Amino acid sequence: MSVISEENVRGENLFKDIGADGEDWQPTELESMCMNCHLNGMTRLLLTKIPFFKEVIVSSFNCDNCNWSNTEIQSAGRIQDMGVCYTLKVRTKEDLNREVVKADSATTKIPELDFEIPPFTQKGALSTIEGLLDRAATGLEQEQPARRLKDPEVAEKIDGFIQKLRKLKEVEDGFTLVIEDPSGNSFVENPMAPQRDEALAVTHFKRTVLHDIQLGLRADGDDDGGEEEEPGEEPAGGDLDTMRGEVLAFNTNCPECNAPASTNMKLVQIPHFKEVIIMATNCDSCGHRTNEVKSGGATEEMGTRITLRVTDVSDMTRDVLKSETCGIGIPELEFELGMAAVGGKFTTLEGLLTDIKNLVVSKNPFICGDSGVSDRVEKLHAFGEKIDRIMAGEMEVHVVLDDPTGNSYVQNVYAPDPDPELTTEKYTRTFEQNEDLGLNDMKTEGYQEEEPSGSGTGKH
């Protein structure tokens, strides 16, 4: 029996990068029962880091008695702040080669076949689109011999459906693949990175109470998470004037090492803009630091598109407030980044460009190891070099912040006079943007009024 002390856990990260170095880093072996012959076999556990997946637990079981084996991969990283939904239009056979990280909490759908794989019915996997189709077909075939004996009619229908599922790999008419993951830990490859992929749509959403219960973030029946306050009762120290002068702190876990940490929160008034909430987390165990910005005001009536012409290295020091709903574009690089990809940040232009480079190049899971294709790797490295040139003031570009909620901001260094390199335009949001923001179904006036029963419409 091995005992892991708190000092060892805090002093050294249990999850190490995959590599040839470190001969003392060996899998943990446990004797366990074989589910095939019910005799004892050997389970090997390896705690490691994989790009995007972050910390994972790789388990492998092998039974010497019946030669049965099984492998699984489980995410040991944190659940993301928001869920993610990938919608891919599969139009060519090349799309079948896209690599996919599918967490066990993800729901997989193919609307054309009215087909759905519910969450937690399959283990997490790193595969391709073709691999997901083969895995789904194999899963349906497993119980077919028993179905043919008990209910031949149902078995015949399932055989026909399996043929339709396998025929999708021929991509004659194309189909749509939807992967919806409330944990935010699934991923679909963009082979055109860093350019935008027209066939792939990525949206982020807030989890429902049911999602939180399924992920173990909330207990069953815990709908409100707290006791109701008396009507009209103001919590102590809860007024805005008090909160503006204080730094609020609450306990949380580090997103990197999962050790206990503290998150500080403060209301800040940005000059010539509005009030925002800045949240910062600092981990004393591993030294990880992160910050996030939330808008302290309401959604604006119109969206805002801010265009900054970068002409000098001094522009890198401009303050930038990017809300989590803001998209980023650099037309000269044919680069677009959707909302929520980087998250809400209050930083400088240099810090924002550094985050873009880390997201697209450094932390891209498909340029490492066997997943790296030479053309793709060269393209991404060239993109990273262009970002470095922009930060060094050697390349003039336009940086566009497009925020449909109007809660993003770029510092005007000439304030209160107009900035010749900075343009801000207001625009009316589209129906799709309002739908993504949840504004189409939002009722802010007369929401307490009940519709009279039995009312209807008639022709006049």
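Definitions and cut-offs
Residues numbered from 1 in each chain as written. Predicted model: local features only at pLDDT ≥ 70, side-chain atom pairs only at ≥ 80, totals over all residues. Heavy atoms only, no water. Phe/Tyr/Trp six-rings, centres within 6.5 Å; stacked < 30°, edge-to-face > 60°. Buried < 20%, exposed > 50% of the residue type's maximum accessible area, 1.4 Å probe, protein only. Helix = DSSP H or I, 4+ residues; strand = E, 2+ residues; numbered from the N terminus. Lys NZ or Arg CZ within 6 Å of the ring centre and 35° of its normal. pLDDT = per-residue confidence, 0-100. Contact = heavy atoms within 4.5 Å. Pairing = 2+ DSSP bridges. Axes fitted to C-alpha atoms, helices over the stretch in contact; angles between N-to-C directions. Parallel < 35°, antiparallel > 145°, perpendicular 65-115°, else oblique. Nonpolar A, V, L, I, M, F, W, Y, C, P; charged D, E, K, R; others polar. Salt bridge = Lys/Arg side-chain N within 4 Å of Asp/Glu carboxyl O.

**Structural notes on the packing of aromatic side chains**
Under the defined criterion, the tally for this structure stands at four aromatic pairs. Judged by centre distance (5.9 Å) and plane angle (55 degrees), the rings of Phe 61 and Trp 68 are tilted. Classification of Phe 61 by relative accessible area gives buried; the value is 9%. Between Phe 115 and Phe 161 the ring centres are 5.4 Å apart and the planes differ by 45 degrees, which places this aromatic pair in the tilted class. Taken as a pair, Phe 115 in strand S9 (residues 115–117) and Phe 161 in helix H4 (residues 152–167) lie far apart in primary sequence, 46 residues in all. Look at Phe 115 and you get buried, because its relative accessible area is 13%. The aromatic ring of Tyr 427 is capped on one face by Arg 305, whose charged end is 4.4 Å from the ring centroid.

**As for the confidence of the model for the protein chain**
Considering every residue of the protein chain, the mean pLDDT works out to 80; 80% of them sit at 70 or more. Scored below 50 in pLDDT, residues 225–237 makes four contacts in the model with residues more than four places away or belonging to other chains. Overall, residues 453–460 carries pLDDT values under 50, and its contacts beyond four positions in sequence, including any with other chains, amount to zero contacts.

**Some remarks on the pairing of strand S20 (residues 327–330)**
Of the two faces of S20, both are covered, the one formed by Gly 327 and Gly 329 as well as the one formed by Ile 328 and Ile 330. The pairing of S20 with strand S23 (residues 397–403) spans three bridges and is antiparallel. By the bridge assignment for S23, Ile 328 is matched with Leu 401. By the bridge criterion, three bridges tie S20 to strand S21 (residues 335–337) in an arrangement that is antiparallel. Looking at the pairing, Ile 328 lines up with Leu 337 of S21. Between S20 and S21, which follow one another and run antiparallel, lie four residues, and Glu 334 among them has a positive phi close to 50 degrees.

**A closer look at the packing of helix H7 (residues 349–362) against helix H8 (residues 374–391)**
Orientation of H7 relative to H8, taken along the N-to-C sense of each, is 175 degrees, at an axis distance of 10 Å. The orientation of H7 relative to H8 falls into the category roughly antiparallel. From H7, Glu 350, Leu 353, Thr 354, Ile 356, Lys 357, Val 360 and Val 361 reach across to H8, where they touch Leu 380, His 381, Phe 383, Gly 384, Ile 387, Asp 388, Ile 390 and Met 391. Here the contact of H7 with H8 is composed, by residue class, of nine nonpolar, three polar and three charged.

**Comments concerning the packing of helix H2 (residues 129–141) against H4**
With their axes 10 Å apart at the nearest point, H2 and H4 run at an angle of 170 degrees to one another. With respect to H4, the element H2 is oriented roughly antiparallel. Taking contact as the criterion, the partners of Leu 133, Asp 134, Ala 136, Ala 137, Thr 138, Leu 140 and Glu 141 in H2 are, on H4, Ile 158, Phe 161, Ile 162, Leu 165 and Arg 166. Classifying every residue of the contact of H2 with H4 by side-chain character gives eight nonpolar, one polar and three charged.

**Considering the sheet that holds strand S22 (residues 345–348)**
Strand order in the open sheet made by the three strands is S22-S19-S24, with antiparallel pairing throughout. Here the strands that pair on one side only, and so sit at the sheet edges, are S22 and strand S24 (409–410).

**Some words on the pattern of salt bridges**
One pass over the structure, following the stated rule, counts 17 salt bridges. Among the ionic pairs, Asp 95 bridges to Arg 98, the shortest N-O distance being 3.2 Å. When its relative accessible area of 10% is taken as the criterion, Asp 95 is described as buried. Here Asp 388 ties to Lys 357 by a salt bridge, and the two come within 2.9 Å at their closest N and O atoms. Here Lys 357 lies in helix H7 and Asp 388 lies in helix H8, a separation of 31 residues in the sequence. Residue Lys 357 is classed as partly exposed on the basis of its relative accessible area, which comes to 22%.

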